[in-house]
Amino acid sequence: MHRCGSTNSDLTGSATIDVKTVPEIAVQPVSQTVCEDAVATFVTVQAAPPNPDYQWYADSGSGMTLIPGETAATLSVTAISAMNGYR
């Protein structure tokens, strides 16, 4: 956190600036080919703090869809034939 102050004959005041750093991802998830009913595990690794908030999405070809409740750095899904081509 940084503080800045200013004074002159007409104005006295201060402001606070809270500078946040952007999380850096060191390892991105990698595409996988798995057999039906096998588990595909996708992993992402942060390079340094701060700890990011994770949210996983799936794209079945009609746009990105949120995968509810998947907020960890690792996502494991059981493959079904209907998922062919998901990304």
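Remember, it's a predicted structure, so these values are computed and weren't measured experimentally.

A.B. asks: What exactly am I supposed to notice about the overall build of the protein here?
C.D. replies: Along its length, the protein carries zero helices and eight strands. For the protein, buried positions account for 11% of its 87 residues. Within the protein, contacts between residues at least 6 apart in sequence are counted, and of these 37% link residues at least 24 apart. When the accessible surface of the protein is split by element, carbon and sulfur atoms take 54% of a total near 7000 Å².

A.B. asks: I would appreciate a short explanation of unusual backbone geometry in the present structure.
C.D. replies: When glycine is set aside, most residues are seen to have a negative phi, and most peptide bonds are trans. We note that Asp37 has phi near 75°; this positive angle belongs to a residue other than glycine. By the element assignment, Asp37 lies in the loop between β3 (24-27) and β4 (39-43).

A.B. asks: Is there a simple way to explain the confidence of the model for the protein in this structure?
C.D. replies: One rule of thumb: low pLDDT means the predicted coordinates there are not for detailed reading. Scored by pLDDT, the protein has a mean of 80; 82% of the residues are at 70 or more. Considering each helix and strand of the protein separately, the mean pLDDT is smallest for strand β1 (residues 2-7), with a value of 54, and largest for β4, with 93.

A.B. asks: Any chance you could explain the side chain of Asp59 here in plain terms?
C.D. replies: Among the secondary structure elements, Asp59 is positioned in strand β6 (residues 57-59). Engagement of the side chain of Asp59 in a polar contact is seen with the backbone nitrogen of Gly63, the distance being 3.3 Å.

A.B. asks: In this structure, what is going on with the side chain of Thr44? I would like to understand it.
C.D. replies: Along the chain, Thr44 falls in the loop between β4 and β5 (45-48). Under the relative-accessibility criterion, Thr44 is labelled buried at 8%. Of note is the side chain of Thr44, whose polar atom sits 2.9 Å from the backbone oxygen of Val27. Among residues more than four places away in sequence, those in contact with Thr44 are Ile25, Val27, Gln28, Pro29, Tyr54, Trp56 and Ala73.

A.B. asks: I would appreciate a short explanation of the pairing of β4 in the present structure.
C.D. replies: Note on strand geometry: in a regular strand, side chains alternate between the two faces of the sheet. Every second residue of β4 is oriented toward a common face, the buried set being Ala40 and Phe42 and the non-buried set Val39, Thr41 and Val43. The pairing of β4 with strand β8 (residues 74-78) spans five bridges and is antiparallel. In the sheet register, Val43 faces β8, and the bridge partner there is Thr74.

A.B. asks: Whenever I open this one, the environment of Val43 confuses me. Can you help?
C.D. replies: Along the chain, the position of Val43 falls in strand β4. Distance in space between the C-alpha atoms of Val43 and Gln28 is 7.1 Å, their sequence separation being 15 residues. Among residues more than four places away in sequence, those in contact with Val43 are Val27, Gln28, Pro29, Ala73 and Thr74.

About the cut-offs
Residues numbered from 1 in each chain as written. Predicted model: local features only at pLDDT ≥ 70, side-chain atom pairs only at ≥ 80, totals over all residues. Heavy atoms only, no water. Helix = DSSP H or I, 4+ residues; strand = E, 2+ residues; numbered from the N terminus. Buried < 20%, exposed > 50% of the residue type's maximum accessible area, 1.4 Å probe, protein only. Contact = heavy atoms within 4.5 Å. Areas by Shrake-Rupley, 256 points an atom, 1.4 Å probe, with all protein chains shown as cover. pLDDT = per-residue confidence, 0-100. Polar contact = N/O pair within 3.5 Å; in protein donor to acceptor, adjacent residues only side chain to side chain. Pairing = 2+ DSSP bridges.

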